[in-house]
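Take a look at the letters that make up each chain.
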Amino acid sequence: MIRIAQPQIGEEEIEAVARVLRSGILSHGPVVEEFEERFAEYVGVDYAVATTNGTSALFLMLKAAGIGPGDEVITTPFTFIATSNAVLYTGARPVFVDIDPRTFNIDPQRVLEAITPRTRAILAVHLYGHPADMRALREIAEDHKLLLFEDAAQAHGATAWGRKAGSLGDAAAFSFYATKNMTTGEGGMVTTNDRSLAERAKLLRLHGQAGKYNHVELGYNLLMTSIQAAIGLVQLSKLDRMNEVRRRNASILSRELGGLEGIVTPVEEPWAVHVYHQYVIRVTDRRGRDSLASYLNERGVETAVHYPRALPDQPVYKRMGLDCVDGCPEARRAAREVLSLPVHPGVSPGQAEYIAGVVKAWLGEA
Ligand SMILES: Cc1ncc(COP(=O)(O)O)c(C=O)c1O
């Protein structure tokens with residue numbers, strides 16, 4: 001079976017973890033600080049704050065920026081639920097607006113139309129590894145004095161106009177979950193150029209502690225372990241190479257499948273570098289996405305659906321009355337049509353060609 005995801009862990013990661021275990025410093029320590037420094041350098045920002053996972057990185061970022069009850073945060077309904085859950089944890093309300101059907105990312109025009117006196121921020125997601133249109137969003141944020149955040153959980157190494165995801169807004173949150181472009185098992189990072197935001201994130205990350213056992217605020221425990229950071233340092237050094245393999249696999253699939261009737265292959269804007277956390281096609285053939293998914297599965301190719309529902313259609317959000325302000329027809333259509341094909345660095349060129357061949361065979365049977 002060609003799996004939809006496969007962490008790339010080698011002897012180097014194992015050695016790095018063993019060194020930490022032997023050192024006796026397992027929790028927060030110099031290895032975490034080194035990971036933060038290297039990650040900030042890679043992204044091109046002044047500060048990086050490591051956390052337990054991507055969800056806590058999102059929460060810490062929003063909370064450190066002062067987002068809270070009474071605030072509205074405009075975001076996308078077509079993402080993993082962690083994005084908007086983090087907004088809810090702060091006491092603020094996520095306001096969902098529709099996506100651009102070409103890139104699956106938040107549509108800046110819809111953002112503009114959803115601004116109210118309570119709007120404090122825009123939270124863009126670089127879905128599947130393709131950056132959101134941060135230029136248009138930056139302009140809106142500046143005109144309306146809003147904060148602009150990135151959910152870069154799927155976009156390690158992606159660029160927009162030559163700048164890395166994670167350096168395109170006021171602050172960003174990354175995830176290092178096992179399926180991501182780089183992993184620490186579980187793990188997360190906040191990146192920013194805003195010194196006070198970074199300092200506040202660090203304060204909140206450890207029980208509001210300003211000095212040893214001097215607690216000045218109600219904080220949390222969201223520290224990354226040295227074990228995670230040791231894996232992260234090795235993974236970071238391999239990230240560009242791993243992303244190159246993802247891009248090579250994506251280019252094989254797009255070369256073979258581009259322009260065929262019944263499916264739509266992903267776009268890469270001329271100003272963007274897509275890192276293909278997921279390679280996502282739309283299945284427009286009348287037999288439907290699930291039919292192609294079963295066909296692939298029977299032939300040894302695992303697929304996935306990211307995501308089968310627009311977030312307002314999740315039972316928990318329905319109960320909370322969180323609908324899209326514009327009805328989000330594009331997000332709802334995407335939820336019915338998208339299918340992710342394997343492109344992770346463990347997929348060989350021959351396997352990518354095989355996957356494309358199976359999709360073509362299915363299309364040929366139409
Ligand atoms: C877009 C997006 N945001 C947030 C998260 C949350 O990250 P984590 O699972 O590390 O909490 C993920 C990944 O799971 C994600 O894909």
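Residues numbered from 1 in each chain as written. Predicted model: local features only at pLDDT ≥ 70, side-chain atom pairs only at ≥ 80, totals over all residues. Heavy atoms only, no water.

Colleague: How would you sum up the packing of helix α3 (residues 54-64) against helix α4 (residues 82-89)? Please name residues and give values.
Modeller: Close contact between α3 and α4 brings their axes to 9 Å; oriented N to C, the two are set at 40°. Classed by the angle they form, the pair α3 and α4 counts as oblique. Relative to α4, the crossing made by α3 is right-handed. On α4, the residues that touch Thr55, Leu58, Phe59 and Leu62 of α3 are Ala82, Thr83, Ala86, Val87 and Tyr89. Residue classes in the contact of α3 with α4 are distributed as 7 nonpolar, 2 polar and no charged. (Axes fitted to C-alpha atoms, helices over the stretch in contact; angles between N-to-C directions. Helix = DSSP H or I, 4+ residues; strand = E, 2+ residues; numbered from the N terminus. Parallel < 35°, antiparallel > 145°, perpendicular 65-115°, else oblique. Left-handed = near helix turned anticlockwise from the far one by under 90°. Contact = heavy atoms within 4.5 Å. Nonpolar A, V, L, I, M, F, W, Y, C, P; charged D, E, K, R; others polar.)

Colleague: An account of helix α2 (residues 30-43) is requested, with residue identities and associated values reported.
Modeller: With 14 residues, α2 should reach 20 Å at 1.5 Å per residue; the first-to-last C-alpha distance of 20 Å fits that figure. Among the residues of α2, Val32, Phe35, Glu36, Phe39, Ala40, Tyr42 and Val43 are the ones counted as buried. Projected down its long axis, α2 shows its buried positions confined to an angular sector of 160°, all on one face. Structural note: α2 exposes Pro30, Glu37 and Glu41 on the side pointing more than 90 degrees away from its buried face. In the core, the buried residues of α2 are packed alongside β1 (47-51), β7 (163-164), β8 (171-175), β9 (188-192), α7 (195-205) and α8 (226-257). Count one or two residues on from α2 and you reach Gly44, which has phi positive near 90°. (Expected span 1.5 Å × (residues − 1). Buried < 20%, exposed > 50% of the residue type's maximum accessible area, 1.4 Å probe, protein only. Arc of directions from axis to C-beta.)

Colleague: A description of the packing of aromatic side chains should follow, citing residues and the corresponding values.
Modeller: Summed over all chains, the structure comprises 13 aromatic pairs. Here the aromatic rings of Phe39 and Phe176 are separated by 5.4 Å at their centres, their planes lie at 85°, and the arrangement is edge-to-face. Taken together, the residues span a long stretch of sequence, with Phe39 in helix α2 and Phe176 in the loop between β8 and β9 at a distance of 137 residues. For Phe39, a relative accessible area of 1% corresponds to the buried category. Residue Phe176 is classed as buried on the basis of its relative accessible area of 0%. Clustering of aromatic rings is evident, with ring pairs tying together Phe78, Phe80, Phe104, Tyr128 and Tyr307. Directly above the aromatic system of Trp362 lies the positively charged group of Arg287, at a separation of 3.8 Å from the ring centroid. Positioned above the aromatic ring of Tyr295, the side-chain terminus of Arg299 is 3.6 Å from the ring centre. (Phe/Tyr/Trp six-rings, centres within 6.5 Å; stacked < 30°, edge-to-face > 60°. Lys NZ or Arg CZ within 6 Å of the ring centre and 35° of its normal.)

Colleague: Can you explain the pattern of salt bridges? Please cite residues and give values.
Modeller: Scanning the model with the defined rule gives 25 salt bridges in all. Here Glu72 and Arg118 are joined by a salt bridge, their closest N and O atoms 3.2 Å apart. Of this pair, Glu72 sits in strand β2 (residues 72-75) while Arg118 is found in the loop between α5 (108-113) and β4 (119-125), placing the two residues 46 residues apart along the sequence. According to the relative accessible area criterion, Glu72 is buried, its value standing at 8%. A salt bridge links Glu298 to Arg299, with the nearest nitrogen and oxygen atoms 3.5 Å apart. With a relative accessible area of 61%, Glu298 lands in the exposed category. Residue Arg299 is classed as partly exposed on the basis of its relative accessible area of 32%. What you see here is one network of salt bridges that share partners, running through Arg255, Glu256, Glu353 and Lys360. (Salt bridge = Lys/Arg side-chain N within 4 Å of Asp/Glu carboxyl O.)

Colleague: Help me get a handle on the site of the ligand, residues and values and all.
Modeller: Around the ligand lies a shell of 15 residues, among which Gly54, Thr55, Asp151, Ser175 and Lys180 are the nearest. In this structure, Gln154 approaches the ligand through a side-chain N or O atom, which is 2.8 Å from an oxygen atom. Contacts to the ligand include Ser175, whose side-chain N or O atom sits 2.7 Å from an oxygen atom. Here the ligand loses 93% of its free accessible area of 380 Å² to cover by the protein chains. Applying the majority rule of atoms within 2 Å of the grid points places the ligand in the largest pocket. Every element with two or more residues in the shell around the ligand is listed here: α3 and α4. For the shell around the ligand, the leading source of residues is α3, giving 3 residues. Grouping the amino acids of the shell around the ligand by side-chain chemistry returns 6 nonpolar, 7 polar and 2 charged. (Near = heavy atom within 4 Å. Polar contact = N/O pair within 3.5 Å; in protein donor to acceptor, adjacent residues only side chain to side chain. Areas by Shrake-Rupley, 256 points an atom, 1.4 Å probe, with all protein chains shown as cover. 1 Å grid on protein atoms, 1.4 Å probe; cavity = no way out; pocket = protein on both sides within 12 Å on 5 of 7 lines; lining within 4 Å. Sits in = over half its atoms within 2 Å of the grid points.)

Colleague: Before we move on, can you summarise the pairing of strand β5 (residues 147-151) with the specific residues and values?
Modeller: Regular strands show a simple pattern: their side chains alternate between the two faces of the sheet. With 4 of its 5 residues buried, β5 lies for the most part within the structure. Traced from β4 through helix α6 (residues 134-143) to β5, the parallel crossover comes out right-handed. Bridging between β5 and β8 involves 3 bridges; their strand directions are parallel. Among the inter-strand pairings, Phe149 is bridged to a residue of β8, identified as Ala171. (Right-handed = clockwise from strand over helix to strand, strands pointing away. Pairing = 2+ DSSP bridges.)

These figures come from the coordinates and say nothing about function on their own.
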